[in-house]
Amino acid sequence: MVSWRAVVTAPQPAMRKSGMRNRPPSMSASSAAPAPTPGWIDEIFDGVRYGLAGRVIAEQQSAFQRVTIIDSARYGKGLLLDGCWMTAERQERHYHEALVHPALCGAERIERVLVIGGGDGGTARECLRHAGVQHLDMVEIDGLVVEWSQQHLPSIGGGCWSDPRFHLTVGDGIAWVANAADASYDVVIVDGSDPAGPAEGLFNRAFFEHCHRILRPGGVFATQSESPEAFRAVHIDTVKLLRQVFGHADPLYGWVPMYPSGWWSWTFAATDGPRYRQPKPERAAAVAPGCEIWSPRWQNGAFEAIPAAIERELAAS
Ligand code: SPD
């Protein structure tokens with residue numbers, strides 16, 4: 001295992017050196033972190049910094065990871081886990097809209113939704129914009145992420161925390177999925193961090209097979225699937241594995257400017273065909289006017305924007 005990322009900031013009294021997330025050697029050849037640049041918060045990966053000018057306003061080692069809240073001029077307040085960018089107030093919609101709406105607009109039914117991770121509340125917020133959602137379980141492993149997101153990043157979760165359809169469990173999402181009844185959800189969404197540390201088990205066959213098992217017929221699975229540039233091997237392996245498990249899976253490409261390379265992907269899977277590619281018009285019409293990024297047109301282009309070499313590599317499997 002190699003140390004693969006670090007947050008580097010202006011000197012902060014609360015900074016800890018522990019909690020650096022380790023990435024499997026197959027994912028990275030990270031070099032040692034450079035000296036901190038005062039006034040900057042960086043995620044460092046593979047010789048490149050992805051940073052914002054700003055300051056750390058809270059930082060603590062939880063039972064699972066180092067949780068950092070920052071304030072930046074460009075994107076407002078934000079969250080890092082083990083030195084990796086997760087979200088920020090004025091950028092989060094790129095990520096959450098792309099993860100949620102292809103699944104929620106494509107599934108046959110959307111009464112019961114499961115979100116694994118997603119402790120900042122942004123994914124639940126976007127799901128709950130769909131009036132057809134009757135019950136949403138969110139299982140987040142780290143209570144500190146929820147607590148600090150509610151305290152420092154309230155706009156990201158919005159009204160989700162008090163929505164009567166929303167049911168939060170602070171616990172292990174992998175165990176939740178393993179113990180859930182067959183065909184108990186219409187949509188399963190994984191909003192985890194990178195496949196190292198507490199999120200490592202969210203990318204393997206056993207986990208995906210349980211997600212497949214607990215989906216009702218006509219259901220859709222969605223997960224963030226890393227960067228096709230910075231984490232290409234993980235991205236490709238994830239899509240291939242989901243195709244094997246579900247039968248149909250396709251990556252959608254977009255941007256999260258503060259993530260490594262800025263170029264990101266989300267992958268959707270279903271058993272009865274690529275239904276996530278065809279938004280149901282009535283659901284799309286209800287949510288699109290409130291979106292900053294997502295629309296049926298954007299989604300279509302984002303699925304089609306698969307890089308040629310990745311398309312060849314996926315087809316060759
Ligand atoms: N490299 C960062 C991947 C983070 C994915 N989850 C972000 C959480 C936003 N709700």
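The model shown is predicted, which means the values in this text are computed figures rather than measured ones.

## Things to note about the nonpolar core
In step 1: Ranked by internal contacts, the top residues of the largest apolar core, which has 53 residues, are Leu104, Leu136, Ile189 and Trp266.
In step 2: By residue number, the principal contributor to this core is helix H1 (residues 92-106), which donates seven residues.
In step 3: Those residues in contact with Ile189 that sit more than four places away from it in its chain are Leu99, Val100, Leu104, Leu114, Val115, Ile116, Thr123, Cys127 and Ala222.
In step 4: Formed by 23 residues, the second largest nonpolar core is a distinct cluster that contains Leu114, Ile116, Leu241 and Val245.

## Observations regarding the confidence of the model for the protein chain
In step 1: Within the protein chain, residue pLDDT values average 90, and 90% of them lie at 70 or more.
In step 2: Within the model, the stretch residues 1-31 combines pLDDT values under 50 with 106 contacts to residues more than four positions away or in other chains.

## Examining the side chain of Glu97
In step 1: Mapped onto the fold, Glu97 is located in helix H1.
In step 2: Residue Glu97 is classed as buried on the basis of its relative accessible area, which comes to 0%.
In step 3: For Glu97, the side chain forms a polar contact with the main-chain nitrogen of Ile293, separated by 2.7 Å.
In step 4: Ignoring any residue separated from it by four or fewer positions in sequence, one finds Glu97 in contact with Pro102, Glu126, Gly290, Cys291, Glu292, Ile293 and Trp294.

## Section: the packing of helix H7 (residues 232-246) against helix H10 (residues 308-315)
If you want to describe how two helices pack, look at the angle between their axes and the distance between the axes.
In step 1: Packing of H7 against H10 leaves a shortest axis separation of 10 Å and a crossing angle of 45°. Classified by the angle between their axes, H7 and H10 sit oblique to one another. Every pair of crossing elements has a handedness; the one defined by H7 and H10 is right-handed. Along the contact surface, H7 presents Arg232, His235, Ile236, Val239, Lys240 and Arg243, while H10 presents Ala309, Ile310, Glu313 and Leu314.
In step 2: Along the lines of polarity and charge, the residues of the contact of H7 with H10 split into five nonpolar, one polar and four charged.

## Concerning the layout of surface pockets
In step 1: Reported here for the largest pocket is a volume of approximately 410 Å³.
In step 2: Among the secondary structure elements, those contributing two or more residues to the lining of the largest pocket are strand S7 (76-81), strand S8 (84-88), H1, strand S9 (112-117), strand S10 (135-140) and helix H5 (173-179).
In step 3: Considering every element that reaches the lining of the largest pocket, the biggest residue donor is S8, with four residues.
In step 4: A per-class count over the lining of the largest pocket returns 17 nonpolar, eleven polar and eight charged.

## Digging into the site of the ligand
In step 1: Of all residues adjacent to the ligand, which total twelve residues, the nearest are His96, Asp120, Asp191, Gly192 and Asp194.
In step 2: At a separation of 2.7 Å, a nitrogen atom of the ligand approaches a polar side-chain atom of Asp191.
In step 3: Asp194 has a polar side-chain atom sitting 2.7 Å from a nitrogen atom of the ligand.
In step 4: When isolated, the ligand has an accessible area of 340 Å², and the protein chains bury 98% of it.
In step 5: Here the ligand is seated within the largest pocket.
In step 6: Every element with two or more residues in the shell around the ligand is listed here: S8 and H1.
In step 7: Split by residue class, the shell around the ligand holds five nonpolar, three polar and four charged.

Conventions we followed
Residues numbered from 1 in each chain as written. Predicted model: local features only at pLDDT ≥ 70, side-chain atom pairs only at ≥ 80, totals over all residues. Heavy atoms only, no water. Core = buried A, V, L, I, M, F, W, Y, C linked by side-chain atoms within 4.5 Å. Buried < 20%, exposed > 50% of the residue type's maximum accessible area, 1.4 Å probe, protein only. Helix = DSSP H or I, 4+ residues; strand = E, 2+ residues; numbered from the N terminus. Contact = heavy atoms within 4.5 Å. pLDDT = per-residue confidence, 0-100. Polar contact = N/O pair within 3.5 Å; in protein donor to acceptor, adjacent residues only side chain to side chain. Axes fitted to C-alpha atoms, helices over the stretch in contact; angles between N-to-C directions. Parallel < 35°, antiparallel > 145°, perpendicular 65-115°, else oblique. Left-handed = near helix turned anticlockwise from the far one by under 90°. Nonpolar A, V, L, I, M, F, W, Y, C, P; charged D, E, K, R; others polar. 1 Å grid on protein atoms, 1.4 Å probe; cavity = no way out; pocket = protein on both sides within 12 Å on 5 of 7 lines; lining within 4 Å. Points joined across faces, edges and corners; volume = space filled by probe spheres on them. Near = heavy atom within 4 Å. Areas by Shrake-Rupley, 256 points an atom, 1.4 Å probe, with all protein chains shown as cover. Sits in = over half its atoms within 2 Å of the grid points.

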